[in-house]
Amino acid sequence: MDFQTSVKTCLTQKYARFEGRASRPEYWWFILAYVIGLVLFALLGIKLLYVLFVLAMIVPVTAAGWRRLQDTGRPGWYILIPVVIGGISMLVAPQMPQGGFGGGAMMGGDFNSGPGNMGRMGASALLGIVQLVLLVIYAWWLSRPSQPETNDYGPKPQN
């Protein structure tokens, strides 16, 4: 499967399809297209377009990962683990400093260094470590070859 076919398949034929299997080329070409889209929308600097792109792509990216895990013989719902951890990480992340970076609270800046923010920083650091470990595990799982035979999730993909 080539780049164009993968993107077309994941966005039109399998947009929200969580059953079946996805080959390595189908998944990785689609993820490359997604990352290119993220970079392009980030470079545009229009936050609303970026957020709309991410929201539009949550379902097809999750579905592709779901099918890819099933292709390797793992339950597809495992893809929700890093998605949920990432969501929690965004909620727990400490607030950005207020008042600029000109020199801390003594010089008029408020770095939110109170005890509530310190707990958020610790939780955020812990979640960051968990996300790093998950990144390595999922990169390994998602890069494994397809199971050559029919598995619990269907026949081997044709592509």
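Above this text sits the structure in question.
In short, a report on the structure. Bear in mind that the values here come from a model prediction, so they are computed numbers and not experimental data.

1. Considering a nonpolar patch on the surface
Next, step 1: A contiguous nonpolar surface patch, about 1000 Å² in accessible area, is contributed by Leu11, Tyr15, Leu44, Ile46, Leu48, Leu49, Tyr50, Val51, Leu52, Leu55, Ile58 and Val59.
Next, step 2: It is helix α3 (residues 47-71) that contributes the most residues to the nonpolar patch, eight residues altogether.

2. Digging into the packing of aromatic side chains
Next, step 1: Enumeration over the complete set of coordinates arrives at eight aromatic pairs.
Next, step 2: Ring centres of Phe18 and Trp66 lie 5.1 Å apart, and the angle between their planes is 80°; on these two criteria the pair is classed as edge-to-face. A residue pair is termed long-range when its members are at least 10 positions apart, and Phe18 in the loop between α1 (3-13) and α2 (24-44) and Trp66 in helix α3 qualify at 48 residues.
Next, step 3: When its relative accessible area of 27% is taken as the criterion, Phe18 is described as partly exposed.
Next, step 4: Looking at Trp66, the relative accessible area reads 18%, which means it is buried.
Next, step 5: For the ring pair Tyr27 and Trp28, a centre distance of 4.9 Å and an interplane angle of 80° mean the geometry is edge-to-face.

3. Some words on helix α4 (residues 80-92)
Next, step 1: Here α4 contains 13 residues, and its C-alpha end-to-end distance of 18 Å stays within 8% of the 18 Å for a straight helix at 1.5 Å per residue.
Next, step 2: The set of residues buried in α4 consists of Ile85, Gly86 and Ser89. Summarising the axial view, the buried residues of α4 lie within an arc of 100°, below the 170-degree limit, and thus occupy one face. Opposite the buried face of α4, by more than 90 degrees, sit the exposed residues Met90 and Leu91.

4. Thoughts on the nonpolar core
Next, step 1: In terms of nonpolar packing, the biggest core is built from 18 residues, with Phe30, Tyr34, Met57, Val61, Ile79, Tyr138 and Leu142 touching the most fellow members.
Next, step 2: Examining the composition of this core, we find that six residues originate from one element, α3, more than from any other.
Next, step 3: With residues up to four places along the chain from it excluded, the contact list for Met57 reads Leu11, Phe30 and Tyr34.

5. Considerations on α1
Next, step 1: By the burial criterion, the buried members of α1 are Ser6, Val7, Thr9 and Cys10. Down the axis of α1, the smallest arc covering the buried residues is 160°, so these residues share one side. When the buried face of α1 is taken as reference, the exposed residues oriented beyond 90 degrees from it are Gln4, Lys8, Thr12 and Gln13.
Next, step 2: Among the structural elements, α2 and α3 are those in contact with the buried residues of α1.

6. Here we look at the pattern of salt bridges
Where charged atoms from two side chains of opposite charge come close, those side chains can pair.
Next, step 1: Here the structure, examined in full by the defined rule, presents five salt bridges.
Next, step 2: The salt bridge involving Glu26 is made with Arg67; its shortest N-O contact spans 2.9 Å. Of this pair, Glu26 sits in helix α2 while Arg67 sits in helix α3; the two residues are 41 residues apart in sequence, bridging distant segments of the chain.
Next, step 3: Judged by relative accessible area, Arg67 falls into the buried class, the value being 0%.
Next, step 4: Here Arg68 and Asp71 are joined by a salt bridge, their closest N and O atoms 2.4 Å apart. With Arg68 and Asp71 both in helix α3 and three residues apart, the pair spans about one turn of that helix.
Next, step 5: Judged by its relative accessible area of 0%, Arg68 falls in the buried class.

Rules and cut-offs
Here the residue numbering is sequential within each chain, running from 1 through the sequence in written order. Where local features are concerned, this predicted model is filtered to residues with pLDDT of at least 70; where side-chain atom pairs are given and counted, the filter is 80 or more; whole-chain, interface and lining totals use all residues. To obtain the side-chain values, all non-hydrogen atoms of the structure were used and water was disregarded. A patch consists of residues exposed above 30% relative accessible area that lack any salt bridge, with like charges linked at up to 9 Å and nonpolar side chains (Val, Leu, Ile, Met, Phe, Trp, Tyr) linked at up to 5 Å. Note that accessible areas follow from Shrake-Rupley with a 1.4 Å probe, and for residues the cover is restricted to the protein chains shown. Salt bridges are defined as contacts in which a side-chain nitrogen from Lys or Arg sits within 4 Å of a carboxyl oxygen from Asp or Glu. Helix and strand definitions here come from DSSP, where helices need a minimum of 4 consecutive H or I residues and strands a minimum of 2 consecutive E residues; each element is numbered from the N-terminal end. Only Phe, Tyr and Trp rings take part, Trp by its six-membered ring, and two of them pair if their centres are within 6.5 Å. Stacked means planes under 30 degrees apart, edge-to-face means over 60, and tilted covers everything else. Categorising residues by exposure relies on relative accessible area from a 1.4 Å probe, with only protein chains included: less than 20% of the type maximum marks a residue as buried, more than 50% marks it as exposed, and the intermediate range marks it as partly exposed. Residue count minus one, scaled by 1.5 Å, sets the expected span of a helix. Each direction from the helix axis to a C-beta atom contributes to the arc, which is the arc of those directions. To form a nonpolar core, buried Ala, Val, Leu, Ile, Met, Phe, Trp, Tyr and Cys residues must be joined to one another through side-chain atoms within 4.5 Å. The contact criterion used throughout is that any non-hydrogen atoms of two residues lie within 4.5 Å.

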